[in-house]
Amino acid sequence: IDNLAEVDYSLNSLPAVFQPFIDLDLKGIVFPAGNYTGSPYMTVPFTIPDQRDSMLYLAFSEYFFQTASFAYYTAGAFNMTIAEETCSYFNINTEIFGSIIPEVAKYSVTPYPVMLKLMATEVPVISLEQDSFTVEIQGFMEVLAVLPDSTTQLLFTMNIAANSSISLNIFDQKLMGSLCLNRLQFSLAHSNVGFFEVSLLENILSYIIQTEVIPSANAKLSKGFPLP
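Bear in mind the structure is a predicted one, so any value in this text is a computation, not a measurement. (Residues numbered from 1 in each chain as written. Predicted model: local features only at pLDDT ≥ 70, side-chain atom pairs only at ≥ 80, totals over all residues. Heavy atoms only, no water.)

## Examining the nonpolar core
Move 1: The biggest cluster of nonpolar side chains holds 46 residues, and the ones touching the most others in it are F97, L116 and F156.
Move 2: Broken down by secondary-structure element, the contributors of at least two residues to this core are α1 (62-74), β6 (114-120), β8 (132-146), β9 (152-171), β10 (174-191) and α4 (202-221).
Move 3: Both domains that meet at this core, namely domain 1 (1-77) and domain 2 (78-227), each give it at least three residues.
Move 4: What F156 contacts, discounting residues up to four positions off in sequence, is F97, V104, M141, E142, V143, L188, H190, S191, V193, F196 and L201. (Core = buried A, V, L, I, M, F, W, Y, C linked by side-chain atoms within 4.5 Å. Buried < 20%, exposed > 50% of the residue type's maximum accessible area, 1.4 Å probe, protein only. Helix = DSSP H or I, 4+ residues; strand = E, 2+ residues; numbered from the N terminus. Domains from an automatic or database assignment. Contact = heavy atoms within 4.5 Å.)

## Focus: unusual backbone geometry
Phi is mostly negative for residues that are not glycine, and the peptide bonds are mostly trans.
Move 1: Positive phi is not limited to glycine here, since D172 has a value of about 55 degrees.
Move 2: Positive phi is not limited to glycine here, since Q173 has a value of about 60 degrees.
Move 3: Structurally, Q173 can be placed in the loop between β9 and β10.

## Considerations on the layout of surface pockets
Move 1: The space that makes up the largest pocket amounts to roughly 1500 Å³.
Move 2: In this structure, the largest pocket is lined by 38 residues; those nearest its centre are D23, L24, I48, Y57 and A59.
Move 3: Elements supplying a minimum of two residues to the lining of the largest pocket: β3 (22-23) and α1.
Move 4: Classifying every residue of the lining of the largest pocket by side-chain character gives 24 nonpolar, 9 polar and 5 charged.
Move 5: The residue makeup of the lining of the largest pocket includes at least three contributed by each of domain 1 (1-77) and domain 2 (78-227).
Move 6: Those elements giving two or more residues to the lining of the second largest pocket turn out to be α1, β6, β8, β9, β10 and α4.
Move 7: Per-class residue counts for the lining of the second largest pocket are 31 nonpolar, 9 polar and 4 charged.
Move 8: The residues that make up the lining of the second largest pocket include at least three from each of domain 1 (1-77) and domain 2 (78-227). (1 Å grid on protein atoms, 1.4 Å probe; cavity = no way out; pocket = protein on both sides within 12 Å on 5 of 7 lines; lining within 4 Å. Points joined across faces, edges and corners; volume = space filled by probe spheres on them. Nonpolar A, V, L, I, M, F, W, Y, C, P; charged D, E, K, R; others polar.)

## Some points on the domain arrangement of the chain
When the parts of a complex come together, some accessible area is lost, and that lost area is often used as the size of the interface.
Move 1: On domain assignment, one finds that the chain holds domain 1 (1-77) and domain 2 (78-227).
Move 2: Here domain 1 and domain 2 have C-alpha centroids that lie 30 Å from each other.
Move 3: Contacts between the two partners involve 19 residues from domain 1 and, on the opposite side, 19 residues from domain 2.
Move 4: Roughly 1600 Å² of surface becomes buried between domain 1 and domain 2 when both sides are summed, with 70% attributable to carbon and sulfur atoms.
Move 5: Considering only the surface of domain 1 that becomes buried against domain 2, E62, F65 and Y73 emerge as the three largest contributors, covering 37% of it. (Buried area = accessible area lost by both parts, 1.4 Å probe.)

## Topic: a nonpolar patch on the surface
Move 1: Judged by side-chain polarity, L11, V17, I22 and L24 come together as a nonpolar surface patch covering roughly 410 Å² of accessible area.
Move 2: For L11, the position within the fold is in the loop between β1 (5-8) and β2 (16-17). (Patch = residues over 30% accessible without salt bridge, like charges linked within 9 Å, V, L, I, M, F, W, Y side chains within 5 Å. Areas by Shrake-Rupley, 256 points an atom, 1.4 Å probe, with all protein chains shown as cover. Salt bridge = Lys/Arg side-chain N within 4 Å of Asp/Glu carboxyl O.)

## What about the pairing of strand β7 (residues 125-129)?
Move 1: Pairing geometry for β7 and β8, over 5 bridges, is antiparallel. When the bridges of β8 are listed, V125 appears paired with E136.
Move 2: Connecting β7 to the antiparallel partner β8 that follows it, the hairpin turn spans 2 residues, and D131 within it adopts a positive phi of roughly 65 degrees. (Pairing = 2+ DSSP bridges.)

## Here's the deal with the packing of aromatic side chains
Move 1: Counted according to the given criterion, the structure contains 10 aromatic pairs.
Move 2: Seen in terms of ring centroids, F65 and F133 are 4.7 Å apart; in terms of plane orientation they differ by 35 degrees. Their pairing is tilted. Of this pair, F65 sits in helix α1 while F133 is found in strand β8, placing the two residues 68 residues apart along the sequence.
Move 3: Put simply, the rings of Y9, F60, F64, F65, Y72, F133 and F225 touch in pairs and so form one group of aromatic residues. (Phe/Tyr/Trp six-rings, centres within 6.5 Å; stacked < 30°, edge-to-face > 60°.)

## Looking at the environment of D8
Move 1: Along the polypeptide, D8 turns up in strand β1.
Move 2: A residue is classified by how much of its surface remains accessible, and D8, at 13% relative accessible area, is buried.
Move 3: Here the alpha-carbon distance between D8 and M119, two residues 111 residues apart in the chain, equals 27 Å.
Move 4: Setting aside residues up to four positions removed in sequence, D8 forms contacts with K27, G28, I29, F31 and Y36.

Here you go:
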C-alpha cells in the first residue's frame, strides 16, 4: 500500500463456481510493512446480497478496516507533530496560548514557539456503516514551548477523544476515503502551568486539528488502497 502497510488479498479457498456467478473468498488483511504476524482480530463470515445488475461486486468487512487501523497504529501513522514553522494558517506560540490562559502568560513571559505532539494511545476502533465507517480515536496532545536552544519544555498535556467518519468510493482501481471530524473532547491530563479550564482552549485546539490534522489525513487517504 505504502511504506507503512501491506495488504494480503490471497484466496482463503478455491473459487466457488455457480451457473450465474463465481464467488471468490479473499483474505483481506492489512499488516505493518515487513511484519506479517497475523491479526489480533477474529474474522466474521459474511455474504454479499444477491444482486445481478453489475458484472462485479466487491465487499469489505469491518475486519478488513480494523486490521488496517491496527497496522497503521503499529506503524505510528496516528502520531503527528505540529510546529510553528509547519502550521499553515497562523504562528502558534506561547503568546497566543497566554492570551487565552493567564497561567501560560505568567509561566512564559517571553513569547516562545509552541510545538504540539499528538499520539494515539490505543488502536482506533472502526464501526462499519453503509458507504462509510466511523473511527473512534483515543489519544493525547502534548503542548510544548520551544526554547532558544531548541530544547522543549512541557506546558501541559491534554487527553483527546475524537469521533470521525470516513466516506468511501472507488476510483482508478483504488478504494479512496475522505475524513470528516464529527466530535472532539478534551480533558486536562497534566499541567506545569497550574490548573485551568479546558473549555478555554477547545476552540483553538479544534481549529488547529481541523486545519492541520484533517487535511494531512485526507491527503494520505486520497492515495487510496489498491484493490485485488
